[in-house]
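Report on the structure
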Amino acid sequence: SLLVQHQTQPNQMVSFRKKKSSKNLDTTTLKGVEGAASSPSENAADDSREPETTKAPIPSRPPQMEDIPDLLETMTTEKGEKSAAATKRIYELCDVGHKQNRVPMVCSRDYDVLTPLAQCLSQESGDGRHLACLALNNLSIPTENKRVMALGPSSSAVIGGLCKVIAEDKQESYLCCICLMNLSFLEASITTMLQHSPVPDGSDPIPPLDNPESQIRILEKLLKNAPAVPKSGSGKSEGVRWACGLIKNLAKSEENAALFGQTDIPKCVVGNIRNTTAPPSRWTSNSLEDFSLFVILNLAQWPVSKQALIEAGAIDVIKPIMAEGDLQGLKATMACAFLGAPWTDFPEGGSTAAASISELMTNIIEKKGKDGQYAYGVFKLYAATKAYRDLCYAANSADGDGGKSNTKVLAVPSAVALCLQVVSDLVLAADDEVNGGSKYVPDVKSAEYSAAAVTYMLPAILEASEPPRKSIQSEKACGEIATMLTQYANLAGTSSQGKESALESSEKIKAASGSARPILEISHEAWTQYRKREGQPLDQFLSQEKGIEVDESGPLDFLPCMNSESQCAIL
């Protein structure tokens, strides 16, 4: 039972059923438990042959949970058909008709099914190995099980066993890639998983990049040895495909990206896109191309790995995909922004890029997806805001000194207001005395990228009206936004780069308060309306200078003191 990530529905399952053809792929979507990681799938069977287990004596009654200790003993002490028959019973206990058994089988302290199943992966007999792969796939689906299988006492045996099958290029290799991918949906596990680097007992640890038996080197070898145009549906192509799905998840961590950047994996995934004959509009979810472009996107956002993609020619390969008005176009656009593509590379003067990424930012904040393209949770806010910042930088660079025609494409009031909202929500979240914070508390990186985007858009945001005129609204907007950016700069968690950028913007905005600035005014109004809807305090960013109080006798601050202790009395 095999779980995979899907963009239009967060819970996408693949099941392999043995029918007349051995290559039937049945895709079913069910409602899951937790995001993209926890949905069970349908039945799973081999895509090459049925396990030959009918010769072994099979009990007449279906297996029960209380049979597990005896079955485990048979699996580990017997060989051949008897061991395979016991493994089959374990598989049947967690198949599609017995989903309720999956968590107890792994999380119960009464027995350990994982280590015996992992041992079965090293069997020379294909039947026991194949059945162990199926059982481990089913057991890897519930979120509770992922943590035990990827991080628990048996994790080394499980991950090691799966990697060994892949390294030996067995026909179950693709099933092992899917099982590892299932486990990698638990983001807490991905750094530990990629550190898998086995050594003989008693030997010193070897860093993953220095160990040909490590998971990262095994995956690299799988991708490097794949034929340039693998036969679709073959065991080899399926292994490469699901390996790319696994790498897509593992590449979400900067620490992992640093390792991938030192391998040939970036070159391989760029090659997958370069060599495909299918147009992007025909790429299905979870296809080799879909996974490969996601790997490029995830690696492109980290400085530690993006150089490897640039050297592999990624920009020229994915640039044409930006013209697609769908999920693949969005992924290519974000990746090109991360990789530093020049502004002239973005189609239609950058307008489609600006619209699609600002829409993505809005959807993430509103906790929703986009029908037919992506589900909520597929993209992170820090990735979307970083892509927008990098787009703003590209436009600003193309404008040069004094220009604003390109930044105006991005400085749409709704997008500017969104950036202000992300920064101000973080400021409010950091202030313990404020009541009525945001429902969506952004992370520190998202706020930094949003503040930087505002800085790069300033030439357009601060454009004066024609003809020039005074405006109380613009003066108020300049004061509030400058104060908010200064408060953000002074937060303890703000990076030095974020602080410098915010203070620079604050000074420029303050200096612009004498004249009407239409884009700034409309952006400020949209930001204010958002804060009203959220019930946030509207005086949070008003100037704190209170002025001098007076009564008919004159300024109260200057009334004479009535005694020698210099304590003033108000008359």
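Now for a description of the structure that goes with this document. The structure displayed is predicted, hence computed values, not measured ones. (Residues numbered from 1 in each chain as written. Predicted model: local features only at pLDDT ≥ 70, side-chain atom pairs only at ≥ 80, totals over all residues. Heavy atoms only, no water.)

1. Points about the overall build of the protein
Scanning the protein from N- to C-terminus turns up 25 helices and five strands. Burial status across the protein gives 53% buried among its 571 residues. Sequence-distant contacts in the protein: of pairs separated by 6 or more residues, those separated by 24 or more amount to 71%. Roughly 25300 Å² of accessible area belongs to the protein as shown, and the carbon and sulfur atoms make up 51% of that amount. (Helix = DSSP H or I, 4+ residues; strand = E, 2+ residues; numbered from the N terminus. Buried < 20%, exposed > 50% of the residue type's maximum accessible area, 1.4 Å probe, protein only. Contact = heavy atoms within 4.5 Å. Areas by Shrake-Rupley, 256 points an atom, 1.4 Å probe, with all protein chains shown as cover.)

2. A closer look at the layout of surface pockets
Within this model, the second largest pocket holds a volume of roughly 460 Å³. Around the second largest pocket, the lining comprises 25 residues; the ones closest to its centre are Lys306, Lys386, Arg389, Asp390 and Tyr449. Looking at the lining of the second largest pocket, the elements that each hand over two or more residues are helix H15 (303-311), helix H17 (327-338), helix H19 (381-399) and helix H22 (444-461). A class-by-class count of the residues in the lining of the second largest pocket yields 14 nonpolar, four polar and seven charged. (1 Å grid on protein atoms, 1.4 Å probe; cavity = no way out; pocket = protein on both sides within 12 Å on 5 of 7 lines; lining within 4 Å. Points joined across faces, edges and corners; volume = space filled by probe spheres on them. Nonpolar A, V, L, I, M, F, W, Y, C, P; charged D, E, K, R; others polar.)

3. Quick look at the environment of Leu485
Assignment of secondary structure puts Leu485 in helix H23 (residues 472-489). In this structure Leu485 comes out as buried when scored by relative accessible area, which is 1%. C-alpha separation for the pair Leu485 and Leu420, spaced 65 residues apart in sequence, amounts to 8.7 Å.

4. Comments concerning the pattern of salt bridges
Summed over all chains, the structure comprises 20 salt bridges. The partner of Lys380 in a salt bridge is Glu187, and the shortest N-O contact between them spans 3.1 Å. Placement of the pair is Lys380 in the loop between helix H18 (351-365) and H19 and Glu187 in the loop between helix H8 (173-184) and helix H9 (190-194), with a sequence separation of 193 residues. The class for Lys380 is partly exposed, based on a relative accessible area of 31%. Here Lys408 ties to Glu463 by a salt bridge, and the two come within 3.1 Å at their closest N and O atoms. Pair noted here: Lys408 is in helix H20 (residues 407-410) and Glu463 is in the loop between H22 and H23, with a separation of 55 residues, a long-range link. Judged by relative accessible area, which is 26%, Glu463 ranks as partly exposed. (Salt bridge = Lys/Arg side-chain N within 4 Å of Asp/Glu carboxyl O.)

5. Focus: empty space enclosed by the protein
Empty pockets left among the atoms are what a rolling probe the size of a water molecule brings to light. Evaluation of the coordinates by the stated rule reveals three cavities of 30 Å³ or more. In this model, the largest cavity occupies a volume close to 170 Å³. Among the elements that take part in the lining of the largest cavity, helix H14 (residues 288-300) stands out by supplying three residues, more than any other. By residue class, the composition of the lining of the largest cavity is eight nonpolar, three polar and four charged.

6. Describing the packing of H23 against helix H24 (residues 496-511)
At a closest axis distance of 8 Å, the pairing of H23 and H24 adopts a crossing angle of 160 degrees. When the axis of H23 is compared with that of H24, the two are roughly antiparallel. The hand of the H23/H24 crossing is left-handed. The segment H23 lies against H24, with Cys478, Ile481, Ala482, Leu485, Thr486, Tyr488 and Ala489 engaging Gly498, Lys499, Ala502, Leu503, Ser505, Ser506, Ile509 and Lys510. (Axes fitted to C-alpha atoms, helices over the stretch in contact; angles between N-to-C directions. Parallel < 35°, antiparallel > 145°, perpendicular 65-115°, else oblique. Left-handed = near helix turned anticlockwise from the far one by under 90°.)

7. Focus: unusual backbone geometry
The linkage connecting Glu466 with the following residue, Pro467, adopts the cis geometry, with an omega of -5 degrees. In this structure, Pro467 sits in the loop between H22 and H23. Residue Asn286 is not a glycine yet carries a positive backbone phi of 70 degrees. Assignment of secondary structure puts Asn286 in the loop between helix H13 (265-275) and H14. For Asn286, a relative accessible area of 3% corresponds to the buried category. The backbone phi angle of Glu348 is positive, close to 50 degrees, even though this residue is not glycine. Following the sequence through the fold, Glu348 ends up in the loop between H17 and H18. Assessed through its relative accessible area of 62%, Glu348 is described here as exposed.

8. Some details on the nonpolar core
Counting 157 residues, the largest nonpolar core has Ile318, Met334, Phe379, Tyr388 and Met457 as the members making the most contacts within it. Per-element accounting of this core gives the leading share, 11 residues, to helix H21 (residues 413-430). Those residues in contact with Ile318 that lie beyond four places of it in its chain are Leu293, Ile296, Ala332, Ala335, Cys336 and Leu339. (Core = buried A, V, L, I, M, F, W, Y, C linked by side-chain atoms within 4.5 Å.)

9. Some details on the packing of aromatic side chains
The description of two aromatic rings rests on the distance between their centres and on the angle between their planes. Under the definition given, this model contains seven aromatic pairs. Between Trp343 and Phe346, the aromatic rings sit 6.0 Å apart at their centres with planes inclined by 45 degrees, giving tilted as the arrangement. Accessibility classification places Trp343 together with Phe346 in one group, the buried group. Consider the rings of Tyr374 and Phe379, whose centres lie 5.5 Å apart with planes at 90 degrees: the pair is edge-to-face. Both residues of the pair, Tyr374 and Phe379, count as buried. These aromatic residues form a ring-pair network of at least three members: Phe294, Tyr374 and Phe379. (Phe/Tyr/Trp six-rings, centres within 6.5 Å; stacked < 30°, edge-to-face > 60°.)

10. Here's the deal with helix H2 (residues 80-93)
The terminal C-alpha atoms of H2 lie 20 Å apart, and with 14 residues this matches the ideal 20 Å at 1.5 Å per residue to within 8%. Most of H2 is tucked away: 10 of the 14 residues are buried. When H2 is considered as a whole, its buried residues turn out to be Ser83, Ala84, Ala85, Ala86, Thr87, Arg89, Ile90, Tyr91, Glu92 and Leu93. Along its buried surface, H2 packs onto helix H1 (68-77), helix H3 (102-107), helix H4 (114-120) and helix H5 (126-139). (Expected span 1.5 Å × (residues − 1).)

11. Here's the deal with H1
By the burial criterion, the buried members of H1 are Ile68, Leu71, Leu72 and Met75. The arc that holds the buried residues of H1, viewed along the axis, is 100 degrees, so those residues lie on one side. For H1, the exposed residues lying more than 90 degrees away from the buried face are Asp70 and Thr77. Check the buried side of H1 and you find it contacts H2, H3 and H4. (Arc of directions from axis to C-beta.)

12. Some remarks on the environment of Pro69
As for its placement among the helices and strands, Pro69 is situated in helix H1. Taking the C-alpha atoms as reference points, Pro69 and Tyr111, separated by 42 residues in sequence, lie 6.9 Å from one another.

13. Focus on the packing of H18 against H19
For the pair H18 and H19, interaxial distance at closest approach is 9 Å and the crossing angle is 155 degrees. One element, H18, and the other, H19, form an angle in the roughly antiparallel class. By crossing handedness, the relation of H18 to H19 is classed as left-handed. Mapping the contact onto sequence places Ala353, Ala354, Ile357, Ser358, Leu360, Met361, Ile364 and Ile365 in H18 and Leu381, Ala384, Thr385, Ala387, Tyr388 and Leu391 in H19. Of the residues contributing to the contact of H18 with H19, the split by class is 12 nonpolar, two polar and no charged.

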